[in-house]
Amino acid sequence: MISQGEVELEPVRAIIDEERCSGCRICNNMCPYSAIDFIEDLKVSRVKPGALQGLRHVRGCLPSGIITGAHFSNAQIMAEIEGILVGLDGRETKPEVQAVPV
């Protein structure tokens, strides 16, 4: 990767809502990459910039939901799902299932 000169980063990265962070440090202990720091002065955890590609491994760790995706919140994801399930006429529809060749 170093020889490439630059690396593409996934745009959706984990972020911690510091206003809601209780300082419990559970996420710090759960992260297998040590990519979350505890800021002692503020008593909150913070994701190291550029450290987490995506958020799959820490997002579900906390039931409080304070770890979300930057630029892609849980509310946005739910709105997209609801948009798919509601047809133009306002009636709920089932998503189409497409066959994929194996």
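Shown above is the structure to which this text applies.
First, a word on scope: everything that follows refers to the structure included in this document. The model shown is predicted, which means the values in this text are computed figures rather than measured ones.

1. Description of the nonpolar core
If you look at soluble globular proteins, the nonpolar side chains tend to sit buried side by side.
Here's step 1: If you look at the biggest cluster of nonpolar residues, it comprises 11 residues: A14, I16, C21, C27, C31, A35, I36, V44, V47, I66 and I67.
Here's step 2: Sorting the residues of this core by element identifies β1 (14-16) and β3 (44-47) as the ones contributing at least two each.

2. Re the pattern of salt bridges
Here's step 1: Within this structure, the stated rule accounts for five salt bridges.
Here's step 2: Between R46 and E18 there is a salt bridge, with its nearest N and O atoms 2.6 Å apart. Highlighted residues: R46 in strand β3 and E18 in the loop between β1 and α1 (26-30), separated in sequence by 28 residues.
Here's step 3: Linking D37 and K48 is a salt bridge whose minimum nitrogen-to-oxygen distance equals 3.7 Å. With D37 in strand β2 (residues 36-39) and K48 in the loop between β3 and α2 (56-59), this residue pair connects regions lying 11 residues apart in the sequence.
Here's step 4: Three or more residues joined by partner-sharing salt bridges are found here, namely R25, E40 and K43.

3. Structural notes on the packing of aromatic side chains
Here's step 1: All chains considered together, the criterion is met by zero aromatic pairs.
Here's step 2: The cationic tip of R25 hangs over the ring face of F38; the distance from NZ or CZ to the ring centre is 3.7 Å.

4. Notes on the pairing of β3
Here's step 1: Note that β2 and β3 share four bridges and pair antiparallel. Within β3, the residue paired with I36 across the bridge is V47.
Here's step 2: Counted between consecutive antiparallel strands, the loop separating β2 from β3 contains four residues, among which K43 sits at a positive phi close to 60°.

Cut-offs used in this document
- Residues numbered from 1 in each chain as written.
- Predicted model: local features only at pLDDT ≥ 70, side-chain atom pairs only at ≥ 80, totals over all residues.
- Heavy atoms only, no water.
- Core = buried A, V, L, I, M, F, W, Y, C linked by side-chain atoms within 4.5 Å.
- Buried < 20%, exposed > 50% of the residue type's maximum accessible area, 1.4 Å probe, protein only.
- Helix = DSSP H or I, 4+ residues; strand = E, 2+ residues; numbered from the N terminus.
- Salt bridge = Lys/Arg side-chain N within 4 Å of Asp/Glu carboxyl O.
- Phe/Tyr/Trp six-rings, centres within 6.5 Å; stacked < 30°, edge-to-face > 60°.
- Lys NZ or Arg CZ within 6 Å of the ring centre and 35° of its normal.
- Pairing = 2+ DSSP bridges.

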